[in-house]
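Examination of the molecular architecture
Spelled out, the chains give:
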Amino acid sequence: SSTVLRAGTPGAVRWPPAVVVQLLVGGVSDPDHPLPTPTRTVVMSQPGIPASGGALTGLQAQNGAASASGSVYTNGPVQNALMSSQVSVNQGYNSQLPGSYPHLIPAKTLNPVSGQSNYGGSQTVSPLSNYQGPGQTLYRPPVASNPVTSSLPSVPVPRMPLPTSQNPAATPMPSGSFLPGANIQPPLNWQYNYPSTGSQINHCPRSSSQPTISGNTNLTSHQYVSSGDPSLQNNLTKSATPQYANKNPTMSRSVGYSYPSLPPGYQNTAPPSTTGMPPSSLNYSSGPQGFTQTPLGANHLTASMSGLSLHPEGLRVINLLQERNMLPSTPLQPPVPNLHEDIQKLNCNPELFRCTLTSIPQTQALLNKAKLPLGLLLHPFKDLVQLPVVTSSTIVRCRSCRTYINPFVNFLDQRRWKCNLCYRVNDVPEEFMYNPLTRVYGEPHRRPEVQNATIEFMAPSEYMLRPPQPPVYLFVFDVSHNAVETGYLNSVCQSLLDNLDLLPGNTRTKIGFITFDSTIHFYSLQEGLSQPQMLIVSDIEDVFIPMPENLLVNLNESKELVQDLLKTLPQMFTKTLETQSALGPALQAAFKLMSPTGGRMSVFQTQLPTLGVGALRPREEPNQRSSAKEIHLTPSTDFYKKLALDCSGQQVAVDLFLLSGQYSDLASLGCISRYSAGSVYYYPSYHHQQNPVQVQKLQKELQRYLTRKIGFEAVMRIRCTKGLSIHTFHGNFFVRSTDLLSLPNVNPDAGYAVQMSVEESLTDTQLVSFQSALLYTSSKGERRIRVHTLCLPVVSTLNEVFLGADVQAISGLLANMAVDRSVTASLSDARDALVNAVIDSLSAYHSSVLSSQQPGLMVPFSLRLFPLFVLALLKQKSFQTGTNARLDERIFAMCQVKNQPLVYLMLTTHPTLYRVDNLSDEGALNINDRTIPQPPILQLSVEKLSRDGAFLMDAGSVLMLWVGKNCGQNFLSQVLGVQNYALIPQTMTDLPELDTPESARIIAFISWLREQRPFFPILYVIRDESPMKANFLQNMVEDRTESALSYYEFLLHIQQQVNK
Ligand SMILES: [Zn+2]
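These figures come from a predicted structure and were not determined experimentally.

This next bit is on the overall build of the protein chain. Along the protein chain, the regular secondary structure elements total 28 helices and 36 strands. For the protein chain, the proportion of contacts with a sequence separation of at least 24, taken over those separated by at least 6, is 79%. Approximately 36,200 Å² of the protein chain is accessible, and the part contributed by carbon and sulfur atoms is 52%.

See below:
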């Protein structure tokens, strides 16, 4: 087993502290989609706007440094608004006029003559014409009236001109307008003596009463409108939301209230931890905010480490060889930044935005010394119970760096605020002087923008370069023999039928369908037809779109036809013998169909694509599954990535549902989603009869998928305080310019991570901030900007850096880095780097912080779980060795690491174990009259199991209930509904709902666990002799396996390396 670790050897693998890892591997060269230069982002490099804006258009004035004037459509309608320069304009919309969606313009320019004949020639009557709906006619459009012909332009669609300069209007920021780093203290006479509005405002609920995810939550948007004119103060919208009251009885007092100047509903689903969690960590979710602008300066820290000094536990040094059980029995809480309480209570919810180090090292040298990764983990579009939404004619942003005004800016006086990212002093616009919440003039610091770290703006027209796109949903179905065998079409079509009215959208929503095997089938759903019409294109070498205007149709107008099609589709191909799969050409066709508008493409695939572009060959070698060497983690073709970049340019995201029992090369296929900001779903061995739990899983996950919130044509930018620099991004997106993430779709279940370095010394500042701004089009066609701002202290000593380490965020970021390393180097390199991350940081702690050499493995309290989590990562499906994991499953796990919010990643990595045969109501949560037991969390070791009990392991996407041989009769009969152990079915994936308190408790607990995540964990009930028991034991991270160390052995290894 010692081969598992190569750590500490000379030349061992490490992550250089600030290396620029090129995000996009594979070296695609496509002139339309230049790869981003992996440069370090210097946030401050954006020039300011010229002092005189007379010559600027409104847009330019709004955006600071403007894009080239006259470029109607640049890359995405919006990015200029988020950024002030570096617009890549190559991704032109093929639309001549703003607002037109030229469906008639095919993406490809054809010679009319050849186009015509080509069209006629490839239009064939399907040999599989089982589509015998009542009165069904196979549609072969007469060439003479070919609508395509007339719509084919004979000249190329004009592309946008390149701007003459990226920043034609930009001038350098006036020097001397501020002193970077100088902390200008508020004048002494500047006091906010206005009466607190806090008493009028309800507390944000203790989130323990909140289900974290409530389906496709309609946000409780407390929206107000401010025109800036005090005389219009009645514009304050009182938004009472009934759902709000229902979902959350404890908040009912606030219903009907004008505007809670509170952070959005934070959801501490865990009861206050008694282990290692300072009580002040709860501050951010509670308390009225009778806020007095705290001087964000020298006194941001109370004397001597305020938070930590109150909680000596946090200052403890722990010998892990003596105190091995450091796992808290309640969910681990993120550390609380060591900030003044008045600042911290305004800080961003760590579920949305957190940093690996809650105390930012002052210099890169200090960061290097700590050997800990510096980065951010984001869940920017998470469903929120409560989100302040601001409609204002002026969105106040820094004139220099375009940061949105936020709770951590410094008001120098009533008329001036200093940017917390670039330190520029900005004027407070007249409009901002009026606070619609308090209806008082002259208190800009009480505006919701300055009271909420998370806020959403309704974007005015300046943030649009074309009208917001309609919601467009295109479904692409594999209907080959293999696909039909799985029976998935039934489930998917039924799910679509059930949720058709719940698809996010409005009267503009469009929908379309494509099916494919060796040919591509389109479906005309034009209003007025008596039934859907199928069009088959057999020319997969040169794909074109027949009748483009009738294939993506308005859902409202063609709903009956859509329903007809969904009812017919599962039967249409039941007798097919076609085994080939032309996935690549089908994707090309789908892309062309969606190019004019953008939207979401949902692709269902059940096998390796075999025909046309993008065809793949099997390359998995089952014998090498358990080896860490030479496995195929990289794509075998650039096709899917290139197409994804094309999609991204046209605001199309591709979600891939892979339902396959065989190797399907997810490493290649997954690129289609990764670079287009889509999602990957994987259902290995899906079969409608043989694998009913997968059917249930698909159905539940489709329901979430189809109905969850969606943002279209989105871009996200992350800014940070001058001196810090973001250099690597993780997640599903395309980096459009140096730091602008292109997200054709954004969904509430996607997470992102970035790595940072300290470019310039932060010695002159005591606080730094990070701000993410996500600009998107809602399914209702509104342009919105969701902004999160996180504020953290800067520290100058290594000990402080260690004390503020967030071990979950660190582990999450390391996992992302390890996926990159696996792909660019090898799996064993990645594993070594993970181990070295622990050794290096703990060595640094030993040598630089601990004054004397002490025996044992001494770790700061903050990192007490670091070795455990890294060991768990080594045993995680992405990085494990010595198992027979399928290659596609490993790739899928890696996709999940990259795309999942931290909370789910941690659950997959280090599952939670509970004893459940003795659940009680003690300490239970009470949610909407439901009592949810909260059993203590156990260490992942068989030592914690006993044969007379039953144990539930929550591993994220799977729940395993292991029932011991001598489990009490009570549990068997009252929960499992069987009279004795032998009667427990071999395959049991559901608990019966029995009329017993024991049954009610465990069912409530399992439902509650499931409700908190966007995917549906399958439940397996496992008897002692069941083959599934091996899966259960495999997750026992602390135990030794054939190929992996036990936790104790791992600690010894670390200690040995540290004390070298
Ligand atoms: Zn600024």
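Running from N to C, helix 21 (residues 827-849) and helix 22 (residues 866-874) cross one another at 175 degrees; their axes reach a closest spacing of 10 Å. The orientation of helix 21 relative to helix 22 falls into the category roughly antiparallel. Taking contact as the criterion, the partners of Arg831, Leu834, Val835, Ala837, Val838, Ser841 and Leu842 in helix 21 are, on helix 22, Phe866, Pro867, Val870, Leu873 and Leu874. Taken together, the residues of the contact of helix 21 with helix 22 sort by class into 10 nonpolar, 1 polar and 1 charged.

Counted residue by residue, strand 26 (residues 752-758) has 7 buried out of 7 residues, so it is predominantly covered. Going residue by residue along strand 26, you find Tyr752, Val754, Met756 and Val758 tucked away on one face and Ala753, Gln755 and Ser757 tucked away on the opposite face as well. Alignment of strand 6 (residues 375-378) against strand 26, held across 4 bridges, turns out to be antiparallel. Among the inter-strand pairings, Gly375 is bridged to a residue of strand 26, identified as Gln755. Pairing of strand 23 (residues 724-730) with strand 26 involves 6 bridges; the strand directions are antiparallel. Counted as the bridge partner of His730 is Ala753 from strand 26.

A separate point is the packing of aromatic side chains. One pass over the full model with this rule turns up 23 aromatic pairs. Aromatic side chains Phe657 and Tyr681 sit 4.5 Å apart centroid to centroid with 0 degrees between the ring planes, which places their arrangement in the stacked category. Here the residue Phe657 occupies a position in strand 20 (residues 652-658), and Tyr681 occupies one in strand 21 (residues 680-682), the gap between them amounting to 24 residues. When sorted by exposure, Phe657 lands in the same class as Tyr681, which is buried. These aromatic residues form a ring-pair network of at least three members: Phe475, Phe477, Tyr488, Phe513, Phe604, Phe657, Tyr681 and Tyr705. Over the face of the ring belonging to Phe861 we find Arg864, whose NZ or CZ atom lies 3.9 Å from the ring centre.

On the basis of which strands lie adjacent, the open sheet formed by 4 strands has the order 4-6-26-23 and antiparallel pairing. The sheet is open, and its two borders are formed by strand 4 (353-355) and strand 23, each paired with just one other strand. Strand-to-strand twist of the sheet, defined as the mean angle between neighbouring strand axes without regard to direction, takes the value 25 degrees. Where helix 20 (residues 807-824) meets the sheet, it contacts strand 4, strand 6, strand 23 and strand 26, and its direction lies at approximately 95 degrees from that of strand 26.

With that out of the way, let us pick up the coordination of the zinc ion. Distances from the zinc ion to its protein donors, Cys398 (SG), Cys401 (SG), Cys419 (SG) and Cys422 (SG), fall at 2.3 Å. Counting residues between consecutive donors of the zinc ion along the chain gives the motif C-x2-C-x17-C-x2-C. On the criterion of sequence distance, the pair formed by Cys401 in the loop between strand 7 (386-392) and strand 8 (410-413) and Cys419 in the loop between strand 9 (416-418) and strand 10 (425-427) is long-range, its members being 18 residues apart.

A few words on the side chain of Asn499. Its location among the elements puts Asn499 in helix 11 (residues 488-499). When its relative accessible area of 5% is taken as the criterion, Asn499 is described as buried. Each residue touching Asn499, except ones within four places of it in the same chain, is listed here: Gln703, Leu706 and Thr707.

Turning next to the layout of surface pockets. Considered as a void within the structure, the largest pocket measures approximately 1,500 Å³ in volume. The wall of the largest pocket is formed by 49 residues, among which Lys877, Glu889, Phe892, Ser957 and Val958 lie closest to the centre. Among the secondary structure elements, those contributing two or more residues to the lining of the largest pocket are strand 21, helix 18 (692-707), helix 23 (887-899), helix 24 (902-909), strand 35 (958-963), strand 36 (1018-1022) and helix 27 (1029-1034). Sort the elements by how many residues they give to the lining of the largest pocket and helix 23 lands first, with 5 residues. Of the residues assigned to the lining of the largest pocket, the class counts are 22 nonpolar, 18 polar and 9 charged.

Turning next to the UniProt feature "domain: Zinc finger Sec23/Sec24-type" (unreviewed entry) in the protein chain. The UniProt record marks residues 395-431 with the feature "domain: Zinc finger Sec23/Sec24-type" (unreviewed entry), using the residue numbering of this structure. Here residues 395-431 is 0% helix and 27% strand, with 10 Å between the C-alpha atoms at its ends.

With that out of the way, let us pick up the environment of Glu922. Following the sequence through the fold, Glu922 ends up in the loop between strand 30 (912-915) and strand 31 (925-927). In this structure Glu922 comes out as exposed when scored by relative accessible area, which is 71%. Spatially, the C-alpha atom of Glu922 lies 7.2 Å from that of Pro933, the residues being 11 residues apart in sequence.

All right, on to the sheet that holds strand 8 then. Ordered in space as 8-9-10, the 3 strands form an open sheet in which the pairing is antiparallel. Strands at the two margins of the open sheet, each flanked by one partner only, are strand 8 and strand 10. Neighbouring strand axes in the sheet, compared pairwise and without regard to direction, differ in orientation by 35 degrees on average. Relative to strand 9, strand 8 runs antiparallel, the two being bridged by 3 bridges. Residue pairing across strands places Asn410 opposite Lys418, the latter belonging to strand 9.

As a further point, take the confidence of the model for the protein chain. Of the residues in the protein chain, 70% reach a pLDDT of 70 or more, and the chain-wide mean stands at 76. This model gives residues 1-11 a pLDDT under 50, and the stretch forms 24 contacts once residues within four places in sequence are excluded. Here residues 16-310 scores under 50 on pLDDT; set against residues more than four positions off or in separate chains, the count is 648 contacts.

This next bit is on the pattern of salt bridges. Counting across every chain of the model gives 33 salt bridges. Of the charged contacts in the structure, one is a salt bridge between Lys345 and Asp342, with a shortest N-O distance of 3.7 Å. Classification of Lys345 by relative accessible area gives buried; the value is 13%. Residue classification places Asp342 among the partly exposed positions, given a relative accessible area of 25%. Notably, a salt bridge pairs Asp749 with Arg704, separated by 2.6 Å at the nearest N-O pair. Separated by 45 residues along the polypeptide, Asp749 in the loop between strand 25 (740-746) and strand 26 and Arg704 in helix 18 bring together distant segments of the chain.

Attention now moves to the nonpolar core. Core analysis: the largest hydrophobic core is formed by 207 residues, its most contacted members being Met601, Phe770, Leu961 and Leu976. Here this core takes 10 residues from helix 21, the largest share from any one element. By size, the runner-up hydrophobic cluster in this structure holds 41 residues, among which are Leu503, Val553, Leu565 and Leu566.

Further remarks concern the side chain of Asn732. Looking at where Asn732 falls in the secondary structure, it is placed in the loop between strand 23 and strand 24 (734-735). On the basis of relative accessibility, which here comes to 7%, the residue Asn732 falls in the buried class. Among the polar contacts listed, one links the side chain of Asn732 to the backbone oxygen of Gly678, at a separation of 2.9 Å. Setting aside chain neighbours within four positions, we find Asn732 in contact with Ser673, Arg674, Ala677, Gly678, Ser679, Leu743, Tyr752 and Asn899.

By the element assignment, Ser392 lies in strand 7. The spatial distance from the C-alpha of Ser392 to the C-alpha of Phe432 is 9.2 Å, given a sequence separation of 40 residues. Of the polar contacts made by the side chain of Ser392, one reaches the backbone oxygen of Thr394; its length is 3.1 Å. Polar side-chain contacts of Ser392 include one of 2.6 Å to the side chain of Glu431.

Each value, and the rule that gives it
Residues numbered from 1 in each chain as written. Predicted model: local features only at pLDDT ≥ 70, side-chain atom pairs only at ≥ 80, totals over all residues. Heavy atoms only, no water. Helix = DSSP H or I, 4+ residues; strand = E, 2+ residues; numbered from the N terminus. Contact = heavy atoms within 4.5 Å. Areas by Shrake-Rupley, 256 points an atom, 1.4 Å probe, with all protein chains shown as cover. Axes fitted to C-alpha atoms, helices over the stretch in contact; angles between N-to-C directions. Parallel < 35°, antiparallel > 145°, perpendicular 65-115°, else oblique. Nonpolar A, V, L, I, M, F, W, Y, C, P; charged D, E, K, R; others polar. Buried < 20%, exposed > 50% of the residue type's maximum accessible area, 1.4 Å probe, protein only. Pairing = 2+ DSSP bridges. Phe/Tyr/Trp six-rings, centres within 6.5 Å; stacked < 30°, edge-to-face > 60°. Lys NZ or Arg CZ within 6 Å of the ring centre and 35° of its normal. Donors = N, O, S within 2.8 Å, 3.2 Å for Na, K, Ca; no water. 1 Å grid on protein atoms, 1.4 Å probe; cavity = no way out; pocket = protein on both sides within 12 Å on 5 of 7 lines; lining within 4 Å. Points joined across faces, edges and corners; volume = space filled by probe spheres on them. UniProt positions renumbered as here; feature names shortened; annotations may be inferred. pLDDT = per-residue confidence, 0-100. Salt bridge = Lys/Arg side-chain N within 4 Å of Asp/Glu carboxyl O. Core = buried A, V, L, I, M, F, W, Y, C linked by side-chain atoms within 4.5 Å. Polar contact = N/O pair within 3.5 Å; in protein donor to acceptor, adjacent residues only side chain to side chain.

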